[in-house]
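# Examining the three-dimensional arrangement
One-letter residues, chain by chain:
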Amino acid sequence: MKIFNGENFFVYGGGVSGKSAARAIKKRGGKAYMRSDGADGFTAPPEKTYRAAIISPGIRHDHAVYDYCKSRGIATMGEVELGFRLAKCKTVGVTGTNGKTTTTRLIAAMIGGTACGNIGYPMTTAIEVERKALAVELSSFQLKDARISPDVAVITNIATDHIDWHGSAEDYYKCKCNIASEMSGTLVLGEDITIGALDSLSTSAKILRCSTTGAVDGAYIEDDYFKFMGERVCPVAYLRLPGRHNLKNALCAIAAAKSMGVQNVDILKAMSAAVPDSHRIEPVGSACGKKWIDDSKATNVSACLAAIDSISGKICLIVGGRDKDLDFDELFSALPESVTEIIAMGESAESIRKSADKLHFERPLYLVRCLSDAVQKAAECSADTVLLSPCCASFDEFKSYAERGERFKSEVIALRGKR
């Protein structure tokens with residue numbers, strides 16, 4: 001159906017989501033004019049009457065493209081907002097500081113639908129092939145000012161992250177809560193949500209909660225079973241994903257799936273078939289008499305602490321990278337005794353050291369230049385396990401957390417050949 005009937009759209013940002021949005025617009029009879037930053041910054045589109053501008057989620061709201069649109073009365077939206085408007089199937093929106101990808105994929109498997117969004121598969125591409133249901137991972141960048149109305153929304157947890165982009169924790173929290181501001185369906189709230197993070201939540205949705213410690217109005221664990229509203233869903237032992245954090249992710253997925261009428265047998269199948277994401281508490285193997293674990297995906301403090309909680313024995317922790325204005329005091333105030341030494345690398349190493357000094361952290365802490373140096377230093381430690389769980393973005397040395405994780409694996413493999 002050519003619903004756009006020749007209308008003009010301005011797409012800013014030439015990445016995967018921008019190109020996908022442009023294709024969706026053209027398929028529906030619209031015209032998409034794509035632009036991205038040039039050598040001198042903002043690049044204006046042709047002077048035309050535009051129905052809307054689709055702007056990449058990575059572009060901050062103080063960018064010149066927003067001033068351009070405001071001065072000309074052009075409405076702005078992101079690729080996912082366009083996707084929600086065009087979707088003809090049921091939708092589940094998933095956000096949170098951690099656990100988004102795992103929860104999104106679990107929900108997709110439970111409901112027999114497609115996982116898309118912030119996982120790298122644009123929603124405006126997924127809507128072209130999926131007619132049953134979509135589970136859409138949503139970042140805080142995608143949710144800022146988004147006007148969406150999923151049938152079910154999930155907030156897995158909320159801690160502090162991306163302060164460098166948002167400017168404040170309050171703005172970050174507000175963006176997370178924005179997932180439910182336009183909806184009237186069901187909102188699932190995970191167990192770990194920072195006090196004050198829901199202060200800006202305003203929704204007409206029915207709220208379900210999750211708990212690993214006792215019965216709640218929603219999904220919970222009791223007597224070694226996952227339960228929903230008093231009903232046994234399946235034994236906890238059927239979940240193949242390791243770690244307490246994945247019990248919490250599973251509860252969010254169960255609450256979302258049950259609220260959509262999914263049968264327990266389909267939930268059980270999804271739980272038993274689930275496998276861990278790459279670079280999230282992923283065993284690399286043994287070298288130099290210790291186990292090595294790749295948790296490169298842990299780009300904030302709460303994710304790092306969850307990884308530590310899942311490991312027994314003495315731990316040598318590798319942290320650091322591009323600083324996102326996070327408070328490393330939170331890390332040092334919560335580190336268990338199992339972390340016997342820390343190696344801080346990259347741009348944030350000095351900030352990490354200052355937090356350690358301020359909180360009188362008395363265990364060994366070493367500063368190194370890069371990941372390769374960190375691995376070499378860790379090879380000399382006396383811990384049982386070396387855990388790469390950086391708390392930071394990768395962009396000081398790598399293009400992505402995945403590239404950082406792959407480098408870590410290759411460095412560990414190289415150690416086996418040397419020692």
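This brings us to the overall build of the chain. Each helix and strand in the chain was counted, giving 15 helices and 19 strands. Taken along the three principal axes of its C-alpha coordinates, the chain extends 65 × 60 × 40 Å. Burial status across the chain gives 54% buried among its 419 residues. Counting only contacts in the chain whose residues sit at least 6 apart along the sequence, the fraction spanning at least 24 positions is 67%.

This next bit is on the sheet that holds strand 15 (residues 290-294). Note: strands within a sheet are paired through backbone hydrogen bonds, in either parallel or antiparallel orientation. Strand order in the open sheet made by the 6 strands is 14-15-19-16-17-18, with mixed pairing throughout. Since the sheet does not close on itself, it has two edges, and those belong to strand 14 (282-287) and strand 18 (365-368), each with one partner. Within this sheet the neighbouring strands show an average axis-to-axis angle of 20 degrees, counted without direction. Inspection of the sheet shows strand 15 paired to strand 19 (residues 385-388) by 4 bridges, in the parallel sense. Across the sheet, Lys291 pairs through a bridge with Thr385, a residue of strand 19.

The strand order 2-1-3-4 describes an open sheet built from 4 strands, whose pairing is parallel. For this open sheet the edge positions go to strand 2 (31-35) and strand 4 (76-77), each flanked by a neighbour on one side alone. The pairing of strand 1 (residues 8-12) with strand 3 (residues 50-55) spans 5 bridges and is parallel. Along strand 3, the bridge assignment pairs Val11 with Ile54.

With respect to the secondary-structure elements, Asn157 resides in strand 8 (residues 152-158). Its relative accessible area of 13% is what places Asn157 among the buried residues. At 2.9 Å, the side chain of Asn157 and the backbone nitrogen of Asn98 are in polar contact.

Here the focus is the environment of Asn5. Note that Asn5 resides in the segment before strand 1. Each C-alpha atom, one on Asn5 and one on Ile158, is 41 Å from the other, the two residues being 153 residues apart in sequence. Those residues within four positions of Asn5 in sequence are excluded, and the remaining contacts are Arg28 and Gly29.

All right, on to the packing of aromatic side chains then. Per the counting criterion, the structure on display carries 10 aromatic pairs. A ring pair is formed by Phe10 and Tyr12, whose centres lie 5.8 Å apart and whose planes are at 85 degrees; its orientation type is edge-to-face. The residues Phe10 and Tyr12 share a single accessibility class, namely buried. Counting every residue linked through ring pairs, the aromatic cluster contains Phe10, Tyr12, Tyr33, Phe42, Tyr50 and Tyr68. For the cation-ring pair, Arg232 lies above Tyr225, with the distance from its terminal atom to the ring centre recorded as 4.0 Å. Against the face of Tyr366 rests Lys377, its NZ or CZ located 4.3 Å from the ring centre.

A positive phi angle, close to 50 degrees, is found at Met229, a residue other than glycine. Non-glycine residue Cys391 carries a positive phi angle of around 65 degrees. Tracing the backbone shows Cys391 in the loop between strand 19 and helix 15 (401-418).

What follows covers the packing of helix 1 (residues 16-27) against helix 3 (residues 79-86). Each pair of packed helices gets described by two things: the angle between the helix axes and the distance between those axes. Axis separation between helix 1 and helix 3 bottoms out at 10 Å; the angle between their running directions is 35 degrees. Crossing hand, helix 1 versus helix 3: left-handed. Of the residues in helix 3, those in contact with Ser17, Ser20, Ala21, Ala24 and Ile25 of helix 1 are Glu79, Leu82 and Leu86. Grouping the amino acids of the contact of helix 1 with helix 3 by side-chain chemistry returns 5 nonpolar, 2 polar and 1 charged.

Let us look at the pattern of salt bridges. Counting across every chain of the model gives 25 salt bridges. The network of salt bridges with shared partners includes Lys27, Arg28 and Glu128.

A few words now on the nonpolar core. One broad trend across soluble globular proteins is that nonpolar side chains are buried collectively. Counting 41 residues, the largest nonpolar core has Ile25, Ile54, Leu82, Met123, Leu134, Leu138 and Ile179 as the members making the most contacts within it. Beyond its immediate stretch of four places on either side in the chain, Ile179 contacts Gly93, Val94, Thr95, Leu138, Leu143, Ile148, Pro150, Ala153, Val154 and Ile155. One finds Ile107, Ala108, Ala253 and Ala270 within the second-largest nonpolar core, a separate group that totals 38 residues.

Turning our eyes to something else, we now look at the environment of Arg35. Looking at the secondary structure, you find Arg35 in strand 2. Classification of Arg35 by relative accessible area gives partly exposed; the value is 26%. In contact with Arg35, other than residues within four places in its own chain, are Phe10, Val11, Tyr12, Gly13, Gly14, Thr43, Ala44, Pro45 and Pro46. In terms of polar contacts, Arg35 uses its side chain to reach the backbone carbonyl oxygen of Ala44, at 3.4 Å.

Judged by how many residues are buried, strand 11 (residues 218-222) sits mostly within the fold: 4 of 5 residues are covered. Across 3 bridges, the pairing between strand 10 (residues 206-211) and strand 11 is parallel. In the strand pairing of strand 11, Ser211 is matched with Tyr220. As judged from the 4 bridges shared by strand 11 and strand 12 (residues 225-228), these two strands associate in the antiparallel manner. Bridge pairing in strand 12 places Ile221 opposite Phe226. In sequence, strand 11 turns back onto strand 12 through a hairpin of 2 residues, with Asp223 there showing a positive phi of about 55 degrees.

The rules behind these values
Residues numbered from 1 in each chain as written. Predicted model: local features only at pLDDT ≥ 70, side-chain atom pairs only at ≥ 80, totals over all residues. Heavy atoms only, no water. Helix = DSSP H or I, 4+ residues; strand = E, 2+ residues; numbered from the N terminus. Buried < 20%, exposed > 50% of the residue type's maximum accessible area, 1.4 Å probe, protein only. Contact = heavy atoms within 4.5 Å. Pairing = 2+ DSSP bridges. Axes fitted to C-alpha atoms, helices over the stretch in contact; angles between N-to-C directions. Polar contact = N/O pair within 3.5 Å; in protein donor to acceptor, adjacent residues only side chain to side chain. Phe/Tyr/Trp six-rings, centres within 6.5 Å; stacked < 30°, edge-to-face > 60°. Lys NZ or Arg CZ within 6 Å of the ring centre and 35° of its normal. Left-handed = near helix turned anticlockwise from the far one by under 90°. Nonpolar A, V, L, I, M, F, W, Y, C, P; charged D, E, K, R; others polar. Salt bridge = Lys/Arg side-chain N within 4 Å of Asp/Glu carboxyl O. Core = buried A, V, L, I, M, F, W, Y, C linked by side-chain atoms within 4.5 Å.

Without other data, these values stay purely geometric and don't point to any function.
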